[in-house]
Amino acid sequence: MLFAVDVGNTNITVGLFDGKKLIKQFRMITQTSRTSDEYGVFLRQWLSINEVDGSEIKDVIISSVVPDIMHSLISGIIKYFNVQPLIVAPGIKSGIRLAIPNPKELGADRLVDAVAAYEMYGGPIIVVDFGTATTHDLVLEDGTFSAGVTSPGIRLSANALWKGTAKLPEVEIKKVDTILGKDTVSSMQAGIFYGYVGQTEYIIKRIKKESGLEGIKVVATGGLGKLISEATDAIDIYDPELTLHGLRIIYDKQK
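Residues numbered from 1 in each chain as written. Predicted model: local features only at pLDDT ≥ 70, side-chain atom pairs only at ≥ 80, totals over all residues. Heavy atoms only, no water.

Visitor: Would you mind showing me how to read the environment of Leu138 here?
Guide: With respect to the secondary-structure elements, Leu138 resides in strand 8 (residues 133–139). Considered as a pair, Leu138 and Lys208 are 70 residues apart in the sequence and their alpha carbons are 9.3 Å apart. Leu138 has contacts with Ile125, Ile126, Thr144, Phe145, Ser146, Ala147, Ile207, Ser211, Leu213 and Ile216, leaving out every residue within four places of it along the chain. (Helix = DSSP H or I, 4+ residues; strand = E, 2+ residues; numbered from the N terminus. Contact = heavy atoms within 4.5 Å.)

Visitor: I keep staring at the packing of aromatic side chains and nothing clicks. Help me out?
Guide: For any pair of aromatic rings, the description rests on two quantities: the centre-to-centre distance and the angle between the ring planes. Applying the stated criterion across every chain, the model contains 6 aromatic pairs. On the basis of an interplanar angle of 55 degrees and a centroid distance of 5.5 Å, the ring pair of Phe26 and Phe42 is categorised as tilted. Of this pair, Phe26 sits in strand 3 (residues 21–29) while Phe42 sits in helix 1 (residues 36–49), and the two are 16 residues apart along the sequence. Residue Phe26 is classed as buried on the basis of its relative accessible area of 11%. A relative accessible area of 33% places Phe42 in the partly exposed class. Relative to Trp46, the ring of Phe26 has its centre 4.4 Å away and its plane inclined at 45 degrees; by these criteria the two rings are tilted. Remark: Trp46 occurs in helix 1 and Phe26 occurs in strand 3; sequence separation between them is 20 residues. For the pair formed by Phe26 and Trp46, the shared burial category is buried. (Phe/Tyr/Trp six-rings, centres within 6.5 Å; stacked < 30°, edge-to-face > 60°. Buried < 20%, exposed > 50% of the residue type's maximum accessible area, 1.4 Å probe, protein only.)

Visitor: Help me out: how do you make sense of the nonpolar core in this one?
Guide: What tends to happen in soluble globular proteins is that the nonpolar side chains get buried as a cluster. Residues Ile61, Val88, Ile96, Leu111, Val127, Val139 and Leu247 are the most contacted members of the largest nonpolar core, which totals 28 residues. Elements represented by at least two residues in this core include exactly strand 1 (2–7), helix 3 (108–121), strand 7 (125–130) and helix 7 (242–253). At 8 residues, the largest contribution of residues to this core is made by helix 3. Residues contacting Val139, with those up to four places away along its chain left out, are Ile96, Ala114, Tyr118, Gly123, Pro124, Ile125, Val127, Thr144 and Phe145. (Core = buried A, V, L, I, M, F, W, Y, C linked by side-chain atoms within 4.5 Å.)

Visitor: Could you clarify how one ought to interpret the sheet that holds strand 5 (residues 86–87) in this entry?
Guide: In any sheet, the strands associate via hydrogen bonds between backbone groups, in a parallel or an antiparallel arrangement. The 5 strands are arranged 3-2-1-4-5 in an open sheet whose pairing can be described as mixed. Lying at the two open borders of the sheet, with one neighbouring strand each, are strand 3 and strand 5. Strand direction decides the pairing type here: strand 1 and strand 4 (residues 59–64), joined by 6 bridges, are parallel. Bridge pairing in strand 4 places Val7 opposite Ser64. (Pairing = 2+ DSSP bridges.)

Visitor: Teacher, can you tell me more about the environment of Ile57 here?
Guide: Counting through the fold element by element, Ile57 comes out in the loop between helix 1 and strand 4. On the basis of relative accessible area, Ile57 is assigned to the buried category, the value being 2%. The sequence separation of Ile57 and Tyr251 amounts to 194 residues, and the corresponding C-alpha distance is 14 Å. In this view, Ile57 contacts Met1, Phe3, Leu16, Leu47, Phe81 and Val83; residues no more than four positions away in its chain are not counted.

Next up, the structure:
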């Protein structure tokens, strides 16, 4: 079995694969203070709860945008699973050509998403990941990673709103029935939600216009991606498991 681990700024997502089938997955908060033993024991216990013997984990692949936790995470996997993880890094065989000035600057998560979107849905395609930051990446018909757009994630933007003001409260991020807010909470929710939908639609529209690829497909993933994708016709597919499948595809390409 394969452990696919995606380390993001907010969460660590782990998927358990049996061949190409994603059997189980879970999320944990990303913390830089965990020890290798904490990672190893937690992963072992999670497997035990799901009635999987840790000895069945033969392979592990990790993509990470948080360098500070990698030593402990890798050490924990080696210690408790006796497996040397494969790390997604520049130069790894992915099937995607990076046509950008400095490929080393591209986050591992964006490469993984691009691989999954291209392999599973074909190109050309725009990949939108609603994470701590929201990214819009363009992959061409031949598998070339051509360009990307990075903006603050919806939670990051919302946090800035209530932390940067004296009287505005923290509110739930949700779709409201109307943009015509009648009180502080509903007006904030309308601004956060519809403002982000508008941003998403405009960026996608602009990418299509400047690339000349009007009929391009758009796939989205990430925590709040479902909420946004349900509110706009600009997104064709929402796939919450896109990143995990990208890790599995990259692992298979190394064989």
